[in-house]
Amino acid sequence: MNSPVNIDVSAYDTEEGQAPRRKPVRRRSLLIGAGVLVLVAGVAWRSLGGGAAEAVPPPPAVVQIAQPLEREVTEWDDYVGRFAPSRTVEVRPRVSGAVTQVLFRDGDIVRKGQPLFAIDARTYRAALAEAQAEVASARSNLALAQSDYSRVAGLTGDEAMAASEVDARRARMRAASAALAAAQARVQSRALDVEFATVRAPITGRVSDRRVDAGNLVSGEGGANATLLTTINAVDPIYFTFDASEALFLKTQRDRAGTGSSANVQVRLQDEAQYRWKGKLDFTDNGLNPRSGTIRLRAVLPNPDGFLTPGMFGNMRLANAGTVRALLVPDEAVQADQARKVVLTVGRDGVVTAKPVEVGPVVNGLRVIRSGLERDDRVVISNFQSAAAGSRVETKPGRIVPGKAGPAPSAGAPMAAQATLN
C-alpha cells in the first residue's frame, strides 16, 4: 500500500478544468537586484564628483621672444672662375743666330729687362763697326762740301762765280749731310742688332721653361713667326675671370646703379674654408654670349708672392649692393608655410601671429630678413612647435646673438648666397 504524498498547492494557480501554473517569483527578484545596482552606481558617481565639474583647459605654452637683431651686413653673390695672368708674352728673338747662353732657370720670377738668352753677336758687332766707319767717311765728305760752298758763297764782284756753280756746291753740301744722316741711321740699326743679340724679359713675371738650349740656331725673321724661346706670365696682379648668368648680371647692374665704384670681390681656393684673397671687379664684357646666355667678367687681385697661379680654379663672392642695414633672426625662426616663408611674432595681448617675410642669406646662423618684419616686432625664438598662429602664449625675454660662421656655401646660387657682418 502506497504512502500518502503531500502536495503544496499554494504555489500554483488552479482553475477548473486546467493544470496548475507557477507564480512569477524569479522576475520579482531580478527587478529588485537591478534597482540596487542603480542606487549603488548613483552613489559612486556622486562621490566622485561626476557631472558637477567641467574639463580644465591646459595652460598656455611658454616661449622666448626677442626683437630682431639690427646690424650692417654685406651681401655677396657666388661664382666659380679661373685665375689668368694679367699679361702674357711670348719671348721670340729679333735677330737670327746661335744661342750661346741660357741665363735663367725654368719657372723663375724674372724682372723686366733681365737677360734670358744670349745669341752670338760677333757678326752684328762687325756690321756695327762697318756702319761706324761709313759715318766717319760721310762726316768727312760733308766737311769738304761745306768748305767748298763757304768759299764761293760770300764772293762778290769780279771774284764772284757763276750762280750755277754756287748752286752745285750747295747741293753737294746737302747731299753729304744726307749721306751722313743715313750712315748714322745704319749705325743705330746695327747697334740695335747687337743689343737684340741679348734677349731680355719684356715684362716682370714668372717665366716658363726654355724651348731651346744653348747651341741651337734661332731665327728672328718673320716677326711673329720667329723661333719661340719661352713665355712669361705676369702674376702680380693676377686676373680672376668668371661667367655670370643674365639674371645675376641684371642683379649686379641694379645693385651697382648709382654707386660708380668697383665692386669688392673675395676668392677662396679649392682647399680653403675662408675667403682670404681680396680684389676688385675691373672688367665686364660688352655683350652676352647668345649661345650660353652668360657674360664674361674679370676681377684683379694683388699677388705679391706669386702664390696664385694662372689656371687655378677658385670660388668667388662678389659684393654688389655694398653695406646695408638689415634685420636678422635665428634661421630656425623662419618657417615654411606652403610657398611662402613666415616668422612667428607675439602681440601685446599674447596672441601669436605669422608674418610673411622675404628672406636673404644666412650670416653666422642668423637669417637676413629683407622685408615683412619691423624692428620692434617680438619674434618667437624658442618652442616653435607649441606657438601656433592664433594661439595664446606666455612669453619670457630672450636674446638673439650671432653664432659661428658656417662653412662657405657652394657656388651657383641664383641669388646672394651668403653675407658677412660688418
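Summary of the structure given here. (Residues numbered from 1 in each chain as written. Predicted model: local features only at pLDDT ≥ 70, side-chain atom pairs only at ≥ 80, totals over all residues. Heavy atoms only, no water.)

## Observations concerning the overall build of the chain
Part 1 of the argument: Helix and strand counts for the chain stand at four helices and 22 strands.
Part 2 of the argument: Within the span of the chain, comprising 422 residues, buried residues form 32% of the whole.
Part 3 of the argument: Intrachain contacts of the chain at a sequence separation of at least 6 include 76% that bridge at least 24 residues.
Part 4 of the argument: Surface accessibility of the chain: about 26000 Å² in total, with carbon and sulfur atoms responsible for 52%. (Helix = DSSP H or I, 4+ residues; strand = E, 2+ residues; numbered from the N terminus. Buried < 20%, exposed > 50% of the residue type's maximum accessible area, 1.4 Å probe, protein only. Contact = heavy atoms within 4.5 Å. Areas by Shrake-Rupley, 256 points an atom, 1.4 Å probe, with all protein chains shown as cover.)

## Let's talk about the sheet that holds strand S10 (residues 217-218)
Part 1 of the argument: One open sheet holds the four strands; their spatial order is S8-S7-S5-S10, and the pairing between them is antiparallel. Both edges of this open sheet fall to strand S8 (198-200) and S10, since each of them pairs with a single strand only.
Part 2 of the argument: Pairing between strand S7 (residues 115-119) and S8: three bridges, direction antiparallel. Within S8, the position partnered with Phe 117 by the bridge is Val 199. (Pairing = 2+ DSSP bridges.)

## Examining the nonpolar core
Part 1 of the argument: Counting residues in hydrophobic clusters, the biggest one holds 35 residues, and the most contacted among them are Leu 116, Phe 117, Leu 229 and Ile 232.
Part 2 of the argument: Counting residues per element, the ones that place at least two in this core are S7, helix H2 (122-153), helix H3 (163-196) and strand S11 (230-245).
Part 3 of the argument: The element best represented in this core is H2, accounting for nine residues.
Part 4 of the argument: With sequence-adjacent residues up to four places away left out, Phe 117 is seen in contact with Val 99, Gln 101, Val 102, Leu 103, Phe 104, Ala 197, Thr 198, Val 199, Arg 210, Val 212, Leu 229 and Thr 230. (Core = buried A, V, L, I, M, F, W, Y, C linked by side-chain atoms within 4.5 Å.)

## Here's the deal with H3
Along an α-helix, residues three or four positions apart point the same way, because every turn accommodates 3.6 residues.
Part 1 of the argument: If you check H3, its first and last C-alpha atoms are 50 Å apart, about what 34 residues at 1.5 Å a residue would give, namely 50 Å.
Part 2 of the argument: On its buried face, H3 sits against H2 and S8. (Expected span 1.5 Å × (residues − 1).)

## What about the packing of aromatic side chains?
Part 1 of the argument: Using the criterion set out here, one finds five aromatic pairs in the structure.
Part 2 of the argument: Ring plane angle 35° and centroid distance 6.2 Å describe the contact between Phe 240 and Phe 242, whose orientation is recorded as tilted. An identical accessibility class is assigned to Phe 240 and Phe 242; each is buried.
Part 3 of the argument: Measuring from ring centre to ring centre gives 5.7 Å for Trp 277 and Phe 307, while their planes differ by 10°; the resulting arrangement is stacked. Pair noted here: Trp 277 is in strand S13 (residues 277-284) and Phe 307 is in the loop between strand S14 (294-301) and strand S15 (313-330), with a separation of 30 residues, a long-range link.
Part 4 of the argument: Given the relative accessible area of 45%, Phe 307 is considered partly exposed.
Part 5 of the argument: Through a chain of ring-to-ring contacts, three or more aromatic side chains come together here, namely Tyr 79, Phe 83, Phe 240 and Phe 242.
Part 6 of the argument: Sitting over the face of the ring of Tyr 239, Arg 298 holds its NZ or CZ atom 3.9 Å from the ring centroid. (Phe/Tyr/Trp six-rings, centres within 6.5 Å; stacked < 30°, edge-to-face > 60°. Lys NZ or Arg CZ within 6 Å of the ring centre and 35° of its normal.)

## Overview of the environment of Met 316
Part 1 of the argument: Structurally, Met 316 is set in strand S15.
Part 2 of the argument: Classification of Met 316 as buried rests on a relative accessible area of 0%.
Part 3 of the argument: A C-alpha to C-alpha distance of 8.1 Å links Met 316 and Asp 77, two positions 239 residues apart in sequence.

## Re H2
Part 1 of the argument: Under the 1.5 Å per step criterion, the end-to-end length of H2 is 46 Å for 32 residues, consistent within 8% with the ideal 46 Å.
Part 2 of the argument: Those residues of H2 not exposed but buried are Tyr 124, Leu 128, Ala 131, Val 135, Ala 138, Leu 142, Ala 145, Asp 148, Tyr 149 and Val 152.

## Brief notes about the layout of surface pockets
Part 1 of the argument: By volume, the second largest pocket amounts to about 240 Å³.
Part 2 of the argument: If you trace the second largest pocket, you find 13 residues lining it, with Arg 92, Arg 94, Phe 196, Val 199 and Arg 200 closest to the centre.
Part 3 of the argument: Contributions of two or more residues to the lining of the second largest pocket are made by strand S4 (69-91), H3 and S8. (1 Å grid on protein atoms, 1.4 Å probe; cavity = no way out; pocket = protein on both sides within 12 Å on 5 of 7 lines; lining within 4 Å. Points joined across faces, edges and corners; volume = space filled by probe spheres on them.)

## Focus on unusual backbone geometry
Part 1 of the argument: Note that the residue after Asp 236, namely Pro 237, is joined by a cis bond; omega there is 0°.
Part 2 of the argument: Tracing the backbone shows Pro 237 in strand S11.
Part 3 of the argument: At Asn 364, a position not held by glycine, the phi torsion is positive, near 55°.
Part 4 of the argument: As for its position among the elements, Asn 364 is in the loop between strand S18 (352-363) and strand S19 (366-371).
Part 5 of the argument: With a relative accessible area of 23%, Asn 364 lands in the partly exposed category.
Part 6 of the argument: Phi angles above zero are rare outside glycine, and Asn 383 is one such case at about 55°.

## As for the pattern of salt bridges
Part 1 of the argument: Going through the model one piece at a time under the given rule, you end up with 17 salt bridges.
Part 2 of the argument: Salt-bridge contacts for Asp 106 lead to Arg 210; the nearest nitrogen and oxygen are separated by 3.4 Å. Linking Asp 106 in the loop between strand S5 (97-102) and strand S6 (109-110) with Arg 210 in the loop between strand S9 (205-207) and S10, this pair joins segments that are 104 residues apart in sequence.
Part 3 of the argument: Residue classification places Asp 106 among the partly exposed positions, given a relative accessible area of 40%.
Part 4 of the argument: For Arg 210, a relative accessible area of 36% gives the class partly exposed. (Salt bridge = Lys/Arg side-chain N within 4 Å of Asp/Glu carboxyl O.)

## Regarding the side chain of Gln 266
Part 1 of the argument: Following the sequence through the fold, Gln 266 ends up in strand S12 (residues 264-269).
Part 2 of the argument: Of note is the side chain of Gln 266, whose polar atom sits 2.6 Å from the side chain of Arg 317.
Part 3 of the argument: Every residue in contact with Gln 266, bar those within four places of it in the chain, is listed here: Trp 76, Tyr 275, Trp 277, Lys 278, Asn 315, Met 316 and Arg 317. (Polar contact = N/O pair within 3.5 Å; in protein donor to acceptor, adjacent residues only side chain to side chain.)

## With respect to the environment of Val 99
Part 1 of the argument: Relative to the helices and strands, Val 99 is located in strand S5.
Part 2 of the argument: Separated by 99 residues in sequence, Val 99 and Thr 198 place their C-alpha atoms 9.5 Å apart.
Part 3 of the argument: Sequence-distant contacts of Val 99, that is, excluding residues within four places in its chain, are made with Phe 117, Ala 118, Ile 119, Val 212, Asp 213, Ala 214, Gly 215, Asn 216 and Val 218.

## Thoughts on the environment of Arg 174
Part 1 of the argument: Here Arg 174 shows up in helix H3.
Part 2 of the argument: Taking the relative accessible area as the measure of exposure, Arg 174 reaches 57% and is therefore exposed.
Part 3 of the argument: Spatially, the C-alpha atom of Arg 174 lies 8.2 Å from that of Ala 145, the residues being 29 residues apart in sequence.

Take it as geometry only, folks, not as evidence of what the structure does.
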